[in-house]
Amino acid sequence: MSVPSPTLAPTTGASVPEKPLAATSSGDLALSITLAEPLLFLQGFERSEYTERTPAMLRGTLQVHVAKPTKIKAINLTFTGRGRTEWPEGIPPAKDDYVEEKELISHLWPFFNAQFTPDLSFGADMVLDTRGGVYQSSALPPVMIRERERSSSLGRRSLSATGRRSSSRSRDSLDEKNEKIAAVNASSNKGYKIFPPGKYSYNFELPIDSSLPETIDCHLGSVKYDLEATIERPGAFKSKLVGKKEVTLIRTPAEASLEVGEPIVVSRNWEDQLHYDIVIGGKAFPIGSTVPVAFKLTPLAKVRCHRIRIMMTENTEYFCRNKKVHRIEPVRKFLLYEHQAASGANENLLGDLDDGTETAGPIEFEFNAKIPGCNTAARESQRLHPDTTYTNIKVHHWIKIVLRLSKADPIDSSKRRHFEVSIDSPFHLLSCRCTTANVSLPAYNRFDWSSSSALPPCPCVSSEAQPDQDVDRINLLARPRPMHLLRRPSLNPPPFDADVPPPPLVTPPPGYDDIVALDGGYFGSMNVSTHDDDEDDDEDSDRDVSLGFSRMSLSPNRSVASLSSHSSGSSSSVSA
């Protein structure tokens, strides 16, 4: 039985060194985890949206660095997700517990086990040895690898005799060590294997269903996902080598959802004093982006508008014990934008309507409200958190527009009564990483993942460092201006002479008796003309009848008279 040849290739470049997650004190053994996508995006906020969605894929590589021959019993990798809520006052009714934890997902990859793994195979998908060669660890024993390397080295560029002898001696000595290690592993039944020096790569992959909650980090609750790698070593005084890496799951709207591009439109009248049209340019915005808002205010009376405020509220709720225990946090308010009228005797954004010089017409405003970013909050408790779908931690947001209005007092006209009109609408606040570069193709890999497996920089930091950058990098999608929805302009109007008017119609249409006023009806007139033997008289009669139809007027009496005269003429010609 022939053994397949190993894949042997020299390394083509120096990779960027990555800090290991865990290592021994001497540095002989270390491990690290590299993810193909450091951020995983789950689509859909409603159950009907994410039940039929394809799952996100968690992919990566566990790398074990062995500097010198090391005894290893097992290599495992575990992916876990846990939800946690904290109750400082105690969970009722007993109030003995102060924390509730729930396991959301758990998966184990048993990459290597000395008791079950075959000889000369360490379960690795790829091995990079100390000489720079890449091969499959289970393909060939070290002796056959040495023979293949010797045969392939004949075609290489010739070296000096001294260099060739020194390199061959070092290679032979290394191969002899590997042969001894392989012999020990083959004959040993002590529950461990000796790993030769090298870099062992173990690939893993796991589908993440969109029904799982996203990563949450609230004041009294959290949802976290971790990859934990464990290397068990023999010996009473040698502990396990454990390394953890956090996995971030981010919730985004579904691809078929209209929340991203569909605007929020409000059109109302306030006490027959003011008509206002408000358009908000979307129903979902990431943290740190801008919210375009357009206003069209039409005064119906002598009303004043003193101030316009655009605010956002965050509501947080916690549950435990299968939703039997519930706590609501105080509502947090954030001022996004404020526009006030100029101070003076007549403080009015609608103009001076009291003296009659100003025309009472519609006035338009357009604002870009800035949502605070992750690094703009002074305190940790003031930071915004994206919307969540976890059953035990609910975070949702509302956008609130407040108009400060006043009208004359009906009793004393010298005084004015002030009112605040509030317009509230729910919307989704997304993570600051839900940018076009991350959730829209083809610009998904704008960050160079090959250099590092760490998370990319927060878009909030880059947006504040470069305030004049393209707005499309911050906004989830390039949305049209809300003012265009208020004005509704025609993008391609036709020319004025493009429409052909239809022919005029008789309205109302005449009745049957008004059209045919002959004895025997319409077919009776046809019979009268058919009894005539003269063809010329028949053509004249038909022409007369058709002329009667063409000369009909809107008056029924005139139609009857006209038709009767032509009928009598035709009958007289027949009798002649």
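These numbers were taken from a predicted model, which means no experiment stands behind them. (Residues numbered from 1 in each chain as written. Predicted model: local features only at pLDDT ≥ 70, side-chain atom pairs only at ≥ 80, totals over all residues. Heavy atoms only, no water.)

## Some points on the overall build of the protein chain
Okay, step 1: Looking only at helices and strands, the protein chain features ten helices and 24 strands.
Okay, step 2: Looking at the protein chain as a whole, 41% of its 576 residues are labelled buried.
Okay, step 3: In the protein chain, of all internal contacts separated by at least 6 residues, the share reaching a separation of at least 24 is 72%.
Okay, step 4: Only carbon and sulfur atoms are counted for the fraction: they give 52% of the accessible area of the protein chain, which is about 33,000 Å². (Helix = DSSP H or I, 4+ residues; strand = E, 2+ residues; numbered from the N terminus. Buried < 20%, exposed > 50% of the residue type's maximum accessible area, 1.4 Å probe, protein only. Contact = heavy atoms within 4.5 Å. Areas by Shrake-Rupley, 256 points an atom, 1.4 Å probe, with all protein chains shown as cover.)

## Side note on the sheet that holds strand β16 (residues 274–280)
Pairing between the strands of a sheet is mediated by backbone hydrogen bonds and can be parallel or antiparallel.
Okay, step 1: Within the open sheet, the four strands sit side by side as β15-β16-β18-β22. Their pairing is antiparallel. In this open sheet, the two edge strands, each paired with only one partner strand, are β15 (264–270) and β22 (363–370). The mean angle between the axes of side-by-side strands here comes to 15°, regardless of whether they run parallel or antiparallel.
Okay, step 2: The pairing of strand β18 (residues 290–299) with β22 spans eight bridges and is classified as antiparallel. Across the sheet, the residue bridging to Phe 295 is Phe 365, located in β22. (Pairing = 2+ DSSP bridges. Axes fitted to C-alpha atoms, helices over the stretch in contact; angles between N-to-C directions.)

## Describing the side chain of Glu 314
Okay, step 1: As for its placement among the helices and strands, Glu 314 is situated in strand β19 (residues 304–320).
Okay, step 2: There is a polar contact of 3.0 Å between the side chain of Glu 314 and the backbone nitrogen of His 385.
Okay, step 3: Setting aside its immediate chain neighbours within four residues, Glu 314 contacts Pro 330, Val 331, Arg 332, Phe 334, Arg 383, Leu 384, His 385, Val 395, His 396 and His 397. (Polar contact = N/O pair within 3.5 Å; in protein donor to acceptor, adjacent residues only side chain to side chain.)

## Examining the confidence of the model for the protein chain
Okay, step 1: In this model, the protein chain carries an average pLDDT of 75, and 64% of its residues clear a pLDDT of 70 or more.
Okay, step 2: Element-level pLDDT for the protein chain is lowest in helix α10 (residues 556–575), with a mean of 40, against a maximum mean of 96 in strand β6 (residues 74–86).
Okay, step 3: A low-confidence stretch, residues 1–17 stays under pLDDT 50, and its non-local contacts, those more than four residues away or across chains, total 22 contacts.
Okay, step 4: The model gives residues 528–534 a pLDDT under 50, and that stretch makes four contacts with residues more than four places away or in other chains. (pLDDT = per-residue confidence, 0-100.)

## Brief notes about the nonpolar core
Okay, step 1: Leu 58, Ile 75, Phe 79, Tyr 202 and Leu 227 are the most contacted members of the largest nonpolar core, which totals 50 residues.
Okay, step 2: Beyond its immediate sequence surroundings of up to four residues, Tyr 202 is in contact with Gly 60, Thr 61, Leu 62, Val 64, Ile 75, Phe 111, Phe 112, Phe 122, Gly 123, Ala 124, Asp 125 and Phe 195.
Okay, step 3: Val 293, Ala 341, Leu 353 and Ala 369 belong to the second-largest nonpolar core, a separate cluster that totals 39 residues. (Core = buried A, V, L, I, M, F, W, Y, C linked by side-chain atoms within 4.5 Å.)

## Things to note about the environment of Gly 90
Okay, step 1: You can see Gly 90 is positioned in the loop between β6 and β7 (99–113).
Okay, step 2: Excluding residues within four positions of it along the chain, Gly 90 makes contact with Lys 95, Asp 97 and Tyr 98.

## Remarks on the pattern of salt bridges
Okay, step 1: Within the structure shown, the criterion is met by 17 salt bridges.
Okay, step 2: Between Glu 101 and Arg 84 there is a salt bridge, with the nearest N and O atoms lying 2.7 Å from each other. Pair noted here: Glu 101 is in strand β7 and Arg 84 is in strand β6, with a separation of 17 residues, a long-range link.
Okay, step 3: Arg 84 gets classed as partly exposed once you look at its relative accessible area, which sits at 29%.
Okay, step 4: Note that Glu 214 is salt-bridged to Arg 251, the shortest N-O span being 3.0 Å. Here Arg 251 lies in strand β14 (residues 241–252) and Glu 214 lies in the loop between β11 (198–208) and β12 (216–217), a separation of 37 residues in the sequence.
Okay, step 5: On the basis of relative accessibility, which here comes to 3%, the residue Arg 251 falls in the buried class.
Okay, step 6: If you follow the salt bridges from partner to partner, you end up with Arg 84, Glu 86 and Glu 101 in one network. (Salt bridge = Lys/Arg side-chain N within 4 Å of Asp/Glu carboxyl O.)

## With respect to the packing of aromatic side chains
The geometry of an aromatic ring pair is captured by two quantities: the separation of the ring centres and the angle between the planes.
Okay, step 1: Throughout the structure, instances matching the rule amount to 13 aromatic pairs.
Okay, step 2: Seen from their ring centres, Trp 109 and Phe 204 are 5.3 Å apart, and the 50° between their planes marks the pair as tilted. Here Trp 109 is found in strand β7, whereas its partner Phe 204 is found in strand β11, with 95 residues between them in sequence. In this structure, Trp 109 and Phe 204 share a single accessibility class: buried.
Okay, step 3: Ring centres of Phe 295 and Phe 367 lie 5.7 Å apart, and the angle between their planes is 55°; on these two criteria the pair is classed as tilted. Of the two residues, Phe 295 is situated in strand β18 and Phe 367 in strand β22; the sequence distance between them amounts to 72 residues.
Okay, step 4: You can call Phe 295 buried: its relative accessible area is 0%.
Okay, step 5: Residue classification places Phe 367 among the buried residues on the basis of a relative accessible area of 6%. (Phe/Tyr/Trp six-rings, centres within 6.5 Å; stacked < 30°, edge-to-face > 60°.)

## What to know about the environment of Leu 42
Okay, step 1: Position of Leu 42 relative to the elements: it lies in strand β3 (residues 39–43).
Okay, step 2: Taking the C-alpha atoms as reference, Leu 42 lies 6.6 Å from Ala 56; in sequence the two are 14 residues apart.
Okay, step 3: Among all residues touching Leu 42, those that are not within four sequence positions of it are Ala 56, Ile 208, Asp 209, Ser 210, Leu 212, Pro 213, Leu 249, Ile 250, Arg 251 and Thr 252.

## Overview of the pairing of β14
Okay, step 1: Across the twelve residues of β14, nine count as buried, placing the element largely inside the fold.
Okay, step 2: Examined bridge by bridge, β3 and β14 share five bridges and lie parallel to one another. Looking at the pairing, Gln 43 lines up with Thr 252 of β14.

## Regarding unusual backbone geometry
Okay, step 1: In this structure, Pro 93 follows Pro 92 across a cis peptide bond, with omega equal to 5°.
Okay, step 2: Structurally, Pro 93 can be placed in the loop between β6 and β7.
Okay, step 3: Notably, Lys 95 is not glycine yet its phi reads approximately 60°, a positive angle.
Okay, step 4: For Asp 272, which is not glycine, the phi torsion reads 55° and is therefore positive.
Okay, step 5: Residue position: Asp 272 is located in the loop between β15 and β16.

## Examining the environment of Tyr 318
Okay, step 1: Within the secondary structure, Tyr 318 sits in strand β19.
Okay, step 2: Since its relative accessible area comes to 2%, Tyr 318 is described here as buried.
Okay, step 3: In this structure, the C-alpha to C-alpha distance between Tyr 318 and Asn 392, residues 74 residues apart in sequence, is 5.5 Å.
Okay, step 4: Setting aside residues up to four positions removed in sequence, Tyr 318 forms contacts with Thr 85, Trp 87, Cys 218, His 219, Leu 220, Gly 221, Val 325, His 326, Arg 327, Glu 329, Asn 392 and Ile 393.
Okay, step 5: Separated by 3.2 Å, the side chain of Tyr 318 and the backbone nitrogen of Leu 220 make a polar contact.

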